[in-house]
Amino acid sequence: MTWWQSDQRVAAPAVPSPRNSGEAAESELIVAAECGDAQAAHQLGKLCTQRGDRVAARHWWERAATGGNVDSAYNLGVWHEKHGTLEEAVRWYEMAAGTGDVEAAVNLATMLLEQRGDVAKARHWFESAARAGSRPAARRLALICEDAGEIPAARDWHRDAAGDGDMASAYDLGFLAYQAGEEDEAHQCWEFAARGGHAEAAYHLGLLLQAGRDPEGAEAYFRLAAKSDHAGAASQLGGIALSRRDLRTARGWFERAAHAGRLEDQRMAGFVCVELSDSQGASHWFGSAAAGGDAESAFNFGLLLIAELGDLQGGQHWFRQAALAGHHKAALELGGLLTAIGQASEAEQWLADPPPPSWDRPAEPELSARAELAVASAGRRGGVTPPVPDLTEILGTWDLLIRPLRDLSDVVAWLAERGGLPAAAIEHLASVRGALLRPGTAPWPGPAEVEKVLATARELRRRLGVR
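Before going into details, it helps to say that this report is about the structure given with it. Everything quoted here is computed from the prediction, not taken from an experiment.

1. Quick word on the overall build of the protein
When you go through the protein residue by residue, the secondary structure sums to 26 helices and 0 strands. The C-alpha atoms of the protein give 30 Å as radius of gyration, which overshoots the globular expectation for 467 residues (23 Å, by more than 25%). Principal axes of the C-alpha set define a box for the protein whose edges measure 100 × 55 × 40 Å. Counting only contacts in the protein whose residues sit at least 6 apart along the sequence, the fraction spanning at least 24 positions is 50%. Side-chain charges of the protein comprise 46 positive and 64 negative groups, with the mean position of each set lying 2 Å from the other.

2. Overview of unusual backbone geometry
Phi angles above zero are rare outside glycine, and R245 is one such case at about 65°. Under the relative-accessibility criterion, R245 is labelled exposed at 52%. Its identity is not glycine, yet S277 carries a phi of approximately 60°, on the positive side. Mapped onto the fold, S277 is located in the loop between α16 (263-275) and α17 (279-291).

3. Digging into the environment of W285
Inspection of the secondary structure puts W285 in helix α17. Here W285 falls in the buried class, since its relative accessible area comes to 5%. Taking the C-alpha atoms as reference points, W285 and Q266, separated by 19 residues in sequence, lie 5.2 Å from one another.

4. A closer look at the pattern of salt bridges
Here the structure, examined in full by the defined rule, presents 35 salt bridges. Two residues, R135 and D164, come together in a salt bridge whose shortest N-O distance is 4.0 Å. Placement of R135 in helix α8 (residues 135-147) and of D164 in the loop between α9 (151-163) and α10 (167-179) is noted, with a sequence separation of 29 residues between them. Among the residues examined, R135 registers a relative accessible area of 11% and is labelled buried. With a relative accessible area of 37%, D164 lands in the partly exposed category. The partner of E191 in a salt bridge is R195, and the shortest N-O contact between them spans 2.9 Å. In this pair, E191 and R195 are both assigned in helix α11 (residues 183-195), 4 residues apart and thus about one turn of the helix distant. Owing to a relative accessible area of 53%, R195 belongs among the exposed residues under this scheme. Members of the salt-bridge network, linked through shared partners, are R139, E146, D147, D172, R380 and R381.

Thresholds, definitions, all that
- Residues numbered from 1 in each chain as written.
- Predicted model: local features only at pLDDT ≥ 70, side-chain atom pairs only at ≥ 80, totals over all residues.
- Heavy atoms only, no water.
- Helix = DSSP H or I, 4+ residues; strand = E, 2+ residues; numbered from the N terminus.
- Rg over C-alpha atoms; globule rule 2.2 N^0.38 Å.
- Contact = heavy atoms within 4.5 Å.
- Lys, Arg positive; Asp, Glu negative; His and termini not counted.
- Charge placed at Lys NZ, Arg CZ, Asp CG, Glu CD.
- Buried < 20%, exposed > 50% of the residue type's maximum accessible area, 1.4 Å probe, protein only.
- Salt bridge = Lys/Arg side-chain N within 4 Å of Asp/Glu carboxyl O.

The following block contains the structure:
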C-alpha cells in the first residue's frame with residue numbers, strides 16, 4: 001500500500017463558523033452594500049455577528065448571497081442550522097455547495113443524513129466533497145458504503161481518508177482487510193493508525209500478532225495501547241506478567257483494567273491477591289466483581305469469607321448467588337454447607353441437580369485473540385455479537401477433542417462416531433471454527449449460530465467424558 005506518507009495525526013475539523021473576508025469601515029461598507037456590493041454586505045453580516053446582532057447579520061448575508069457571495073450563502077446555512085430552520089439551511093448550503101464549496105457540501109450532506117435520513121442525497125454531496133479532497137467526506141462516504149454492503153467502495157474511500165491522515169479510517173480499513181482474510185493489510189493499517197495515536201488500533205494489532213504467535217510483538221503494541229489507558233491492553237499485559245509469575249506486575253495491570261469496571265479483571269486481580277496472600281485485596285476485588293454479577297467471583301468470595309473470616313452466613317449468600325447464576329462448584333459447596341448447618345432439604349435440592357460444569361480451561365492465547373478479533377470485527381458498527389468466551393470455548397473444545405488423533409484426514413467422521421452426534425452438527429462446528437481461524441472463508445457466526453454450535457461442543461465433551 002502507498003496511500004500514507006506520514007504518521008502524523010491530522011486534527012479534526014472545527015465546528016462550522018461564519019466566514020469573513022477582510023474588514024473596512026462600517027459606514028463605507030453600508031454605502032457599498034446599499035449599492036449592491038455583495039462583498040461589502042458579507043462583511044457587514046460578519047460585523048453584526050461580532051456585535052451579537054444575528055438578525056442584522058442574516059439580513060446582510062441574504063443580500064450578499066443573492067448577489068452571488070458564496071461565503072454568505074455558507075454562513076446563512078450555518079445560521080439557519082443553529083437556529084433549527086433546517087429547510088432554509090438546506091437551501092443556502094445547496095446554493096454554496098452547487099458552486100463547488102466543499103465545506104458547504106459536507107455540512108449539507110451531514111444534515112441530509114442525520115436530520116432527514118436522506119442517504120441518497122447525502123451520499124451525492126459527500127461524494128462531491130470527497131472527490132474535491134475532503135477527508136471527513138471520504139470517511140462518511142466509506143461508512144455509507146459499508147452500510148450498503150459495498151465493501152470494495154468502502155475500502156477505497158477509507159483508504160482515501162486514511163491517506164489524508166484519518167486514523168479512524170485506517171483503523172476501520174484494517175478491520176475490512178481482516179474480514180477479507182488479508183491479514184498483511186490489516187497489520188499495515190493498524191500499525192499506521194497505532195503510530196498515529198489510535199489506541200484501539202494498537203490493541204487490535206497486538207491481538208493480531210498474538211493470533212500469529214508473535215508474543216513479543218503483541219506485548220509491544222499492548223504496551224503502546226496501555227499508554228492511552230486502554231483497559232483491554234492492561235488486561236492482556238496482566239496475563240503476560242502472570243504467565244511469567246511476576247505477580248506484583250500482574251496485579252498492577254489487572255487492577256488498572258479492573259478500575260475500568262471490567263468484571264473479569266476484577267476477578268483476576270482477586271486471584272493474584274490470593275497468590276500474594278493479600279486477603280483484604282482479594283476480598284475487595286472478588287466482592288466488587290461478585291456484586292457486578294460475576295458468578296466465578298461470587299463463588300471465590302464465598303470461599304474467602306469462610307476460610308479467612310469464618311463468615312458462614314456471608315459464604316452461604318455468595319455461594320447461593322453463584323449457584324443461581326449456574327455455577328456448578330458453588331451449588332455443590334452450598335449443598336455441603338447447608339447440610340453441615342442442618343438445612344438438609346435445600347441442600348438435597350442443590351446436590352441432586354446442580355448446574356452443569358462450565359468450561360474453565362485456560363485457552364491458548366492465539367485462540368483467545370482470534371475469538372476477540374472476530375467479535376470486535378462483527379460488532380464494530382453496532383452489530384449484535386456473541387460473548388468472546390463462547391467463541392474461545394468452541395475453539396478450545398475442538399483442539400481438546402482432536403488432540404489424541406494422529407490422522408486428521410476425517411476428523412468429522414471420527415467425532416460423529418465417538419460422540420454419537422449427527423455428522424452435520426460436527427461439520428457445523430468445524431465450519432464455525434474455520435471461519436474464526438481463517439477470516440474471509442465464511443461470514444462471522446451470529447449469536448444464534450454460536451449458541452447452537454456451543455451446544456454441540458458441550459454435548460461432545462459430555463459424551464466423550466472430557467472436562
